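# Structural overview for review
Spelled out, the chains give:
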Amino acid sequence: RQIEEDLRDAIASKQLVLHYQPIVDASTHDLKCLEALMRWEHPERGMISPGVFIPIAEDIGLIKQMGDWALEHACVQAVEWPGELRVAVNVSAIQFMDEGFPQVVERALRQSGLKPDRLELEITESVFMGDHSQTQRKFRELKALGVRLALDDFGTGYSSLSYLRHAPFDKIKIDQSFVRGATEADNNNSAIISSIISLAAALNMETVAEGVETQDELKLVTEKGASHLQGRIFSFAISHEELLKRIANHE
Ligand code: G
Ligand code: G
Ligand code: MN
Ligand code: NA
């Protein structure tokens, strides 16, 4: 297919870019972290969403190359930000399962000079489908590098609480499907959000409520005690240039 061919040279042709979505402290609404979200600026089709091209990249064996690029590029850009801001990078399960993944992270840190605790890796529950001892080894190596680990899209996959016993996550991201409509009567979303937040607190993990769009959702996740918030009510993902402008205006 044409789109597959086009994707193969998207990196070399510099058509991939990272946009950044703010994640704020739930009490102060201060900017704490930026989630890097890949965009493909296709020469003819315009901006293509990662929801479309990431699954294709996974199918045709390009996700490692693209994900490694995103990691390196995000570290290079984050070095320019004020030192208290972190960058969160999404890691595909296929990319994580590659034997040398911790070394890719180490190289991205070394080449950029980014302090390890400013890098947060967003990993989904699907990594637990892989070989258990290899997964544990990678977690150990990544923690030894000093990076932070976040469990992304929590509650949507093959969630088993047993993962959390042995996995050194610093943060749990509550999937936006729970936040969306959590304010409507007659559904269980709000109870699920409460349980995830108390579980995370008991395990000493931070929580991000994702996809906060409305005042009602904001009020609810704040009352429930999420430590961090992300969503359009604060900002959608913006270009790196726009981010640098906002940072400059703030100082
Ligand atoms: O930005 P948007 O909502 O369109 O992103 C859709 C999906 O694509 C999200 O699930 C997000 O995690 C994923 N995604 C965005 N950027 C990356 C990336 O660099 N690597 C991986 N593996 N997934 C990404
Ligand atoms: O799977 P992951 O958590 O990485 O997905 C992040 C995705 O969520 C991005 O594609 C981002 O554009 C999207 N997103 C972020 N905030 C909101 C929001 O408030 N509403 C909706 N509908 N999507 C959001
Ligand atoms: Mn994510
Ligand atoms: Na998510």
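In the block above lies the structure referred to throughout.
Since the model is a prediction, treat every value here as computed from it, not as a measurement.

## Re the site of ligand 1
Within the structure, ligand 1 sits among L37, M38, S49, P50, G51, I54, G67, A70, N90, S92 and A237. When residues of the shell around ligand 1 are traced back to their parent elements, those giving at least two are β2 (31-42), α2 (50-59) and α3 (63-78). Sort the elements by how many residues they give to the shell around ligand 1 and α2 lands first, with three residues. When its residues are assigned to classes, the shell around ligand 1 shows six nonpolar, five polar and no charged.

## Considering the pairing of strand β1 (residues 16-25)
One face of the sheet, then the other: side chains in a regular strand alternate in exactly this way. Here nine bridges tie β1 to β2, and the two strands are oriented antiparallel to one another. Counted as the bridge partner of Q21 is E35 from β2. Pairing geometry for β1 and strand β10 (residues 238-239), over two bridges, is antiparallel. In the sheet register, H19 faces β10, and the bridge partner there is S239.

Definitions and cut-offs
- Residues numbered from 1 in each chain as written.
- Chains lettered and ligands numbered in written order.
- Predicted model: local features only at pLDDT ≥ 70, side-chain atom pairs only at ≥ 80, totals over all residues.
- Near = placed C-beta within 6 Å.
- Helix = DSSP H or I, 4+ residues; strand = E, 2+ residues; numbered from the N terminus.
- Nonpolar A, V, L, I, M, F, W, Y, C, P; charged D, E, K, R; others polar.
- Pairing = 2+ DSSP bridges.

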